[in-house]
Amino acid sequence: MQKLSAANDMATGKKSKPTYFNAILGVALVLFLLGVLGWLVINGRALSKAFKEGLEVNVDFHDNVTDGSVAKMQSILDKQPFVAHTKIITKEEAVKMENQVEGNNITDFLGYNPLFTSISLRLNEEYVNKDSLEKVKKFILQSNVVRDVTWPNVVVDQMDKNFKKIGIILGSISVLLLIVVIFLIDNTVRLAMFSNRFIIKTMQMVGATRSFITRPFDIRALLNGMISGILAVIGLWLVMSFANRQLAELKLLNDNILVGLLMAGMVVLGILISMISTHRSVIKYLKMHVDDLY
């Protein structure tokens, strides 16, 4: 039992610390890179949502429509799942806005107010695309008090194309980096375990069971993976804090729930890959002949 205890101590003791230290830093670095990319993806999604929900759809009414009809239409629209926000713009408000843009008084120039009472709609993100907007328009035009439904078509088309391209590019990079991260962490851990191959074999030769041998390495892998994940999270938090100080608008895009899930995922990923790679390495060395260890 003393030999088993000594071998067990060697598995988690001072002699293996330098190797584990390098492995922890290596794993933390690749997790950090994955975390930064994940944060960029989250911000990109938030930016896409902000742009889409900022798009205005104008519901123009006929010139003789009553205030009661407009208010009733607003009430109907507020209950629809595609509507995020509505605002009534009267003819007087519309002409004031137009005068500010044009720099002159349209009413004085024409002798009358050519604009219409309207409702400005802000739609939920998932409805801001060409097909959904056409369906929204068709639904609203069923009312006989509505003259027309308009939105900036060019902006919507370009927005859809650009965000789809960005999504595909970031998604492809994320998948590729995830594969690279798993491969690098696996190799880093296996390299760290290589220096412990004689310790593992010695424990087996003095009669230790497989579970007795693997347990301390698995526990150490769990701790190392957790430490690596925490270091990566700290690094990501520092990058986020620096970016937010340099560009205050980023704070408006931050989704604390998704960022929290990302950070938790980094820690869990570090633990899982470290434990799986360590366990595989220990089993591998247990199956090898002593001569093959050299």
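What you are looking at is a predicted structure, and each value in this text was computed from that prediction instead of being measured.

For the rest of this paragraph, the subject is the overall build of the protein. Counting its secondary structure elements, the protein contains 11 helices and four strands. With 294 residues in all, the protein has 40% of them scored as buried. Contacts in the protein between residues at least 24 apart in sequence constitute 84% of all its contacts with a sequence separation of at least 6. Roughly 17,400 Å² of accessible area belongs to the protein as shown, and the carbon and sulfur atoms make up 63% of that amount.

Take the sheet that holds strand β2 (residues 83-89) next. With antiparallel pairing, four strands are arranged side by side in an open sheet as β2-β3-β1-β4. For this open sheet the edge positions go to β2 and β4 (146-150), each flanked by a neighbour on one side alone. For this sheet, the mean angle separating the axes of adjacent strands, direction not counted, is 20 degrees. Direction of pairing for strand β1 (residues 56-61) relative to β4: antiparallel, over a ladder of four bridges. Residue pairing for β4: Phe61 is matched across the bridge by Val146. Against the sheet, helix α3 (residues 67-78) contacts β1, β2, β3 (118-123) and β4, and its axis sits at roughly 170 degrees relative to β2. Helix-sheet contacts for helix α6 (residues 130-140) involve β1, β3 and β4, and the interaxial angle to β4 is about 170 degrees.

For the protein, per-residue confidence averages 78 on the pLDDT scale, and residues scoring 70 or more make up 79% of the total. Segment residues 1-18: pLDDT under 50, and 21 contacts once partners within four positions in sequence are set aside and those in other chains are kept.

Okay, a nonpolar patch on the surface next. A cluster of nonpolar residues, Phe21, Leu25, Ile219, Leu222, Leu223, Met226, Ile227, Ile230, Leu231, Ile234, Trp237 and Leu238, forms a patch on the protein surface that exposes about 1,100 Å² of accessible area. For the nonpolar patch, the secondary structure elements donating two or more residues are α2 (17-53) and α9 (210-246). At 10 residues, the largest contribution of residues to the nonpolar patch is made by α9. Along the polypeptide, Leu231 turns up in helix α9. Accessibility expressed as a relative area gives 39% for Leu231, which makes it partly exposed.

For the rest of this paragraph, the subject is the pairing of β3. Counting buried residues along β3, five of its six residues qualify, which places the element largely inside the surrounding structure. Where β1 and β3 come together, five bridges link them in antiparallel fashion. Paired with Asp60 across the strands is Ser118, a residue of β3. As judged from the six bridges shared by β2 and β3, these two strands associate in the antiparallel manner. What sits directly across from Val83, in β3, is Leu123.

Further remarks concern the nonpolar core. The tendency in soluble globular proteins is for nonpolar side chains to be buried as a group. Leu31, Trp39, Val181, Ile185 and Leu236 are the most contacted members of the largest nonpolar core, which has 23 residues in total. Looking at this core, the element that brings in the most residues is helix α11 (residues 256-287), giving eight residues. Counting 21 residues, the second largest nonpolar core, distinct from the first, contains Val59, Val65, Met73 and Leu133.

As a further point, take the packing of aromatic side chains. Tallied over the entire structure, the rule returns two aromatic pairs. Considering the side-chain rings of Phe82 and Tyr127, the 6.1 Å spacing of their centres and the 65 degrees angle between planes classify their relative orientation as edge-to-face. In this pair, Phe82 sits in the loop between α3 and β2 while Tyr127 sits in the loop between β3 and α6, placing the two residues 45 residues apart along the sequence. Looking at Tyr127, the relative accessible area reads 25%, which means it is partly exposed. Ring geometry for Phe82 and Phe139: centres 5.9 Å apart, planes at 80 degrees, overall edge-to-face. Of this pair, Phe82 sits in the loop between α3 and β2 while Phe139 sits in helix α6, and the two are 57 residues apart along the sequence. Residue classification places Phe139 among the partly exposed positions, given a relative accessible area of 32%.

For the rest of this paragraph, the subject is the side chain of Asp60. You can see Asp60 is positioned in strand β1. Summary of buried charges: Asp60 has no salt-bridge partner, and the nearest side chain of opposite charge, Arg147, is 4.8 Å away. Setting aside residues up to four positions removed in sequence, Asp60 forms contacts with Thr117, Ser118, Val146, Arg147, Asp148 and Thr150.

Criteria and cut-off values
- Residues numbered from 1 in each chain as written.
- Predicted model: local features only at pLDDT ≥ 70, side-chain atom pairs only at ≥ 80, totals over all residues.
- Heavy atoms only, no water.
- Helix = DSSP H or I, 4+ residues; strand = E, 2+ residues; numbered from the N terminus.
- Buried < 20%, exposed > 50% of the residue type's maximum accessible area, 1.4 Å probe, protein only.
- Contact = heavy atoms within 4.5 Å.
- Areas by Shrake-Rupley, 256 points an atom, 1.4 Å probe, with all protein chains shown as cover.
- Pairing = 2+ DSSP bridges.
- Axes fitted to C-alpha atoms, helices over the stretch in contact; angles between N-to-C directions.
- pLDDT = per-residue confidence, 0-100.
- Patch = residues over 30% accessible without salt bridge, like charges linked within 9 Å, V, L, I, M, F, W, Y side chains within 5 Å.
- Salt bridge = Lys/Arg side-chain N within 4 Å of Asp/Glu carboxyl O.
- Core = buried A, V, L, I, M, F, W, Y, C linked by side-chain atoms within 4.5 Å.
- Phe/Tyr/Trp six-rings, centres within 6.5 Å; stacked < 30°, edge-to-face > 60°.
- Lys, Arg positive; Asp, Glu negative; His and termini not counted.

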